Amino acid sequence: NLIRHAKDLAQRRGAPIRRDITPQEVKLHNKPYDGWMILRGKVYNVTPYMAYHPGGDKILVPCLGKDATVLFDKYHSWVNLDGLIGALLLGYVKVEAMRALTEE
C-alpha cells in the first residue's frame, strides 16, 4: 500500500497545509516526476500516485498542472478523495483564484 510505505507522500517536508496556492503555481508542476493537480479546490501532489492509478499514468499526465475536477467527477464522483489521496494534499487553491477558475 502506497500510504504505508512513505511518511511524506505530498513532499511538503514538514511545511503546513497551504491556503494560498494559485493556479499559476500549480501550472508549473506539470510533469510526471513533479505533478500537481487541483481537485475540488484542493491541490494534490499526485506524483507518487501515478504508478498506482488503475487507468495508468497516460490518463493523469494531461491533467497535471491543471484543475481536473470536471474530468475526475465525470468518472469518480463517488470517490472519497481524502481516503484515496488525502496524504498527497499540499493545500487549497487561494480563494480569489478559485473564484476566477469557477467563472471561466
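Predicted model, so just to flag it, every value in this text is computed and none were measured.

A. Just the overall build of the protein chain, in detail. Helix and strand counts for the protein chain come out as five helices and six strands. When the helices and strands of the protein chain are read in sequence order from the N terminus, they spell out β-α-β-β-β-α-β-α-α-β-α. Within the protein chain, the fraction of its 104 residues that count as buried is 38%. Of all intrachain contacts in the protein chain linking residues separated by at least 6 positions in sequence, the fraction that spans at least 24 positions is 71%. On the protein chain, roughly 6800 Å² of surface is accessible, and the fraction owed to carbon and sulfur atoms is 56%.

B. Local environment of the confidence of the model for the protein chain. Across the protein chain, the average pLDDT comes to 87, with 86% of residues at or above 70. For the protein chain, the element scoring lowest by mean pLDDT is helix α5 (residues 95-103), at 66; strand β2 (residues 30-31) scores highest, at 98.

C. Geometry of the side chain of T69. In this structure, T69 sits in helix α3 (residues 69-76). Looking at T69, its side chain comes within polar contact range of the side chain of D67, at 2.6 Å.

D. Region of interest: the pattern of salt bridges. Inspection of the entire model under this criterion finds four salt bridges. Ionic pairing is found between R18 and D20, a salt bridge with its closest N-O pair at 3.0 Å. A relative accessible area of 41% means that D20 is categorised as partly exposed. The residue D73 makes a salt bridge to R40 at a minimum N-O spacing of 2.6 Å. With a gap of 33 residues between them, D73 in helix α3 and R40 in the loop between β3 (34-39) and β4 (42-45) connect regions that are remote in the sequence.

E. Region of interest: the nonpolar core. If you look at the biggest cluster of nonpolar residues, it comprises 17 residues, and the most contacted ones within it are M37, L39, Y44, V46, L81, I85 and L88. The set of elements that each furnish at least two residues to this core consists of β3 and α4 (81-85). Leaving out residues up to four positions away in the same chain, M37 has contacts with V26, K42, V43, Y44, V46, L60, C63, L64, K66 and A68.

F. How the structure looks around the environment of G86. Mapping G86 onto the fold places it in the loop between α4 and β6 (89-93). Residue classification places G86 among the partly exposed residues on the basis of a relative accessible area of 25%. Sequence spacing of G86 and A10 is 76 residues, and the spatial spacing of their C-alpha atoms is 9.0 Å. With sequence-adjacent residues up to four places away left out, G86 is seen in contact with Y44 and L81.

What counts, and at which threshold
Residues numbered from 1 in each chain as written. Predicted model: local features only at pLDDT ≥ 70, side-chain atom pairs only at ≥ 80, totals over all residues. Heavy atoms only, no water. Helix = DSSP H or I, 4+ residues; strand = E, 2+ residues; numbered from the N terminus. Buried < 20%, exposed > 50% of the residue type's maximum accessible area, 1.4 Å probe, protein only. Contact = heavy atoms within 4.5 Å. Areas by Shrake-Rupley, 256 points an atom, 1.4 Å probe, with all protein chains shown as cover. pLDDT = per-residue confidence, 0-100. Polar contact = N/O pair within 3.5 Å; in protein donor to acceptor, adjacent residues only side chain to side chain. Salt bridge = Lys/Arg side-chain N within 4 Å of Asp/Glu carboxyl O. Core = buried A, V, L, I, M, F, W, Y, C linked by side-chain atoms within 4.5 Å.

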